[in-house]
There are 2 protein chains.
Amino acid sequence: MSGGSRQPGRTVTSKVLALLGAFDAAHPQLTLTDLARRSGVPLSTAHRLVAELEEWQALSRDADGRLRVGLRLWELGQLAPSRLVSLAHPWLQELFVTTGENVHLAVRDGLEVLYVDKVYGRRAVPIVSRTGGRLPMHPTGVGKALLAYEPDWFVKSYLARKLERPTPHTITEPGRLARELAAVRAQGYAFTYEEMTLGSCSAAAPILVDGRAVAAVGIVVSSRRARELPRLIDPLRNAAAGIAKASPPSSGSGP
Amino acid sequence: MSGGSRQPGRTVTSKVLALLGAFDAAHPQLTLTDLARRSGVPLSTAHRLVAELEEWQALSRDADGRLRVGLRLWELGQLAPSRLVSLAHPWLQELFVTTGENVHLAVRDGLEVLYVDKVYGRRAVPIVSRTGGRLPMHPTGVGKALLAYEPDWFVKSYLARKLERPTPHTITEPGRLARELAAVRAQGYAFTYEEMTLGSCSAAAPILVDGRAVAAVGIVVSSRRARELPRLIDPLRNAAAGIAKASPPSSGSGP
């Protein structure tokens, strides 16, 4: 039995990781009590472990005493595999400059899209994606662009679940979604119309390396400007092709 | 005695953190043996703890079997305090578009500058700074811009150390550096001429909130273009002022 665990079989490491994992986009700040509750670590143990995590700057305290992820973890996270993001960033930048729109880059992680980079200016509309954030695949442009290139068995199992429906316009009917994905594959790009957020539309293109969509690049615009989506296709596909060409065959996962 | 520690007094948490802390910009990938050696954790313990860290995606393995920081830590790191970066990013973006140059944002952490954001394009010259990277203060534009606004006691203790000298042009003589910092404070911006890297020059401006430099924004250009640095001052100071105006008084640390 390691580390004075009260819960037999639960290692200290797993408790430390449970404490860290209690933070997410919806809970970036937690009191010690909430942290203990969310992680399932007893309060006294949490108190002791948090002190060590704070000392190392893995966690830090806000002015109001609540805990949050610390600078040191941010710094450490920057060492995660980032070849794709480094390669892609200048292309996103150029796409932002060419189109004047917010641009983002996403990869598939499990059944979600994970936003790994975002280029945005002061004038463009804010978008719901957040670097490090996750969204379901079927209601997002980048998600459809990625899902369309997954093997059949993956798509089938994706569609077999109960699909989230963030707006009344989200396509959740499996047959319709399958046809939509076939169209994306045929065209090489995806659109969404208020499927993730009311008031927003998007266009996205997959980054294809050896026939596999390793990531997708997307743009979100206000739905008042939905008719402008087609003019974004060429710049998007250009950027996607440029990134694909610069990517080594093995790159593809990780931010 | 917790977690089967062989080194009395060393907790499991401290060993987990030592394993994570063994990774840095110079060592983004490590074999298990190197990781154990660098962290001072016995190999068998390292083996066991790494398995737990891998399972949680805190660490991941490259194709060659070496370990590196995993996607999950990157994701977690994105939750670190980032108000300043979020606020500043659109301004950096605009600065990049206006000037066509690589732009970066840095804060002081200890005796170093920590680069917390960077906007770069395909055509601009690559710069030595890396998001999440650190450099000494005195040879960098952002570092001088930050150091110039630190209290006297801090500057004195900074200058009292043996100062790094990455190039023959680095200013390390304390008297000269102190005069340089006084000039930066008087002018409100800093220049460097091949002081960090041969072939590169930079210009930087502090982001002043309540008289304190909470961060600095900088641009690096090839030294062949050193005569163009003055034209970057106005855009840099504009961006710095815009970010400062948008910053709440308490923001200032963290990426």
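These numbers come from a predicted model, not from an experiment.

Rules behind the numbers
- Residues numbered from 1 in each chain as written.
- Chains lettered and ligands numbered in written order.
- Predicted model: local features only at pLDDT ≥ 70, side-chain atom pairs only at ≥ 80, totals over all residues.
- Heavy atoms only, no water.
- Helix = DSSP H or I, 4+ residues; strand = E, 2+ residues; numbered from the N terminus.
- Buried < 20%, exposed > 50% of the residue type's maximum accessible area, 1.4 Å probe, protein only.
- Contact = heavy atoms within 4.5 Å.
- Pairing = 2+ DSSP bridges.
- Axes fitted to C-alpha atoms, helices over the stretch in contact; angles between N-to-C directions.
- Patch = residues over 30% accessible without salt bridge, like charges linked within 9 Å, V, L, I, M, F, W, Y side chains within 5 Å.
- Areas by Shrake-Rupley, 256 points an atom, 1.4 Å probe, with all protein chains shown as cover.
- Salt bridge = Lys/Arg side-chain N within 4 Å of Asp/Glu carboxyl O.
- Lys, Arg positive; Asp, Glu negative; His and termini not counted.
- Charge placed at Lys NZ, Arg CZ, Asp CG, Glu CD.
- Buried area = accessible area lost by both parts, 1.4 Å probe.
- Polar contact = N/O pair within 3.5 Å; in protein donor to acceptor, adjacent residues only side chain to side chain.
- Parallel < 35°, antiparallel > 145°, perpendicular 65-115°, else oblique.
- Left-handed = near helix turned anticlockwise from the far one by under 90°.
- Nonpolar A, V, L, I, M, F, W, Y, C, P; charged D, E, K, R; others polar.
- Least-squares fit on C-alpha atoms with pLDDT ≥ 70 in both.

A. Structural view of the overall build of chain A. Assigned secondary structure in chain A consists of 9 helices and 9 strands. Out of the 255 residues in chain A, the part that is buried amounts to 55%. Of the contacts formed within chain A by residues at least 6 apart in sequence, a portion of 57% connects residues at least 24 apart.

B. Fine view of the sheet that holds strand S1 (residues 29-30) of chain B. Residues and elements named next belong to chain B. One open sheet accounts for 3 strands, arranged S1-S3-S2; its pairing is antiparallel. In this open sheet, the two strands that pair with only one neighbour each are S1 and strand S2 (59-61). Where S1 meets strand S3 (residues 67-69), 2 bridges bridge the pair, whose relative direction is antiparallel. The residue of S3 that forms the bridge with leucine 30 is leucine 67. Where helix H3 (residues 43-55) meets the sheet, its contacts fall on S2 and S3, and the angle it forms with S2 comes to roughly 95°.

C. The arrangement of the environment of threonine 45 of chain B in detail. Tracing the backbone shows threonine 45 of chain B in helix H3. Sequence-wise, threonine 45 of chain B and valine 16 of chain B are 29 residues apart; in three dimensions their C-alpha atoms are separated by 9.9 Å.

D. A positive patch on the surface, seen in detail. There is a patch of like positive charges on the surface, built from Lys162, Arg165, Arg176 and Arg179 of chain A. You can see lysine 162 of chain A is positioned in the loop between helix H7 (152-160) and helix H8 (174-187).

E. Up close: the pairing of strand S4 (residues 103-109) of chain B. Residue and element names in this part refer to chain B. Where burial is concerned, most of S4 is hidden: 5 out of the 7 residues are buried. By the bridge criterion, 7 bridges tie S4 to strand S5 (residues 112-119) in an arrangement that is antiparallel. Across the sheet, histidine 104 pairs through a bridge with lysine 118, a residue of S5. Hairpin connection between S4 and S5: a loop of 2 residues separates the two successive antiparallel strands, and glycine 110 in this loop has a positive phi of roughly 65°.

F. Looking closely at the interface of chain B and chain A. Of the residues lining the interface, 56 residues belong to chain B; the matching set on chain A comes to 56 residues. For the pair chain B and chain A, the summed buried surface comes to about 4,900 Å²; carbon and sulfur atoms form 65% of the total. On the chain B side of the interface with chain A, the three residues burying the most area are Trp74, Leu79 and Arg122 of chain B, jointly 15% of the side's total. Connecting chain B to chain A are 2 salt bridges. A salt bridge links arginine 134 of chain A to glutamate 75 of chain B; the shortest N-O distance between them is 2.6 Å. Where chain B touches chain A, the interface holds 6 residue pairs in polar contact (both at pLDDT 80 or more). The dominant element in the side of chain B that touches chain A, judged by the number of residues it contributes, is helix H5 (residues 83-99) of chain B, at 9 residues.

G. Looking closely at the side chain of glutamate 101 of chain B. All names here are of chain B. On the secondary structure map, glutamate 101 appears in the loop between H5 and S4. Owing to a relative accessible area of 4%, glutamate 101 belongs among the buried residues under this scheme. Within the structure, the side chain of glutamate 101 is placed 2.3 Å from the side chain of arginine 225, a separation counted as a polar contact.

H. Up close: the packing of helix H5 (residues 83-99) of chain A against helix H9 (residues 229-246) of chain A. All names here are of chain A. Where H5 contacts H9, the axes come no closer than 9 Å and their chain directions differ by 160°. By the angle between their axes, H5 is roughly antiparallel relative to H9. Classified by chirality, the crossing of H9 by H5 is right-handed. Facing H5, whose interface residues are Leu84, Leu87, Ala88, Trp91, Leu92, Leu95 and Thr99, H9 presents Arg231, Leu232, Pro235, Leu236, Asn238, Ala239, Gly242, Ile243 and Ala246. Split by residue class, the contact of H5 with H9 holds 12 nonpolar, 3 polar and 1 charged.

I. A look at the relation of the copies chain B and chain A. Between chain B and chain A, which share one sequence, the superposing operator has a rotation angle of 179° and an axial displacement of 0.1 Å; the RMSD is 0.1 Å. Expressed as an axis order, the relation between the two copies is that of a two-fold axis. Mapped onto chain A, 100% of the interface residues of chain B again fall at the interface, so both copies present the same surface.

J. Representation of the pairing of strand S5 (residues 112-119) of chain A. All names here are of chain A. The element S5 is extensively covered by neighbouring structure, given that 7 of its 8 residues are classed as buried. Across 3 bridges, S5 lies against strand S6 (residues 134-136) in antiparallel orientation. If you follow valine 113 over to S6, its bridge partner there is leucine 135.

K. Spotlight on the environment of histidine 27 of chain B. Residue and element names in this part refer to chain B. Tracing the backbone shows histidine 27 in the loop between helix H1 (12-21) and S1. Measuring from C-alpha to C-alpha, the distance between histidine 27 and arginine 68 comes to 8.9 Å, with 41 residues separating the pair along the chain. Non-local contacts of histidine 27, meaning those with residues more than four positions away in its chain, are made with Ala22 and Arg38.

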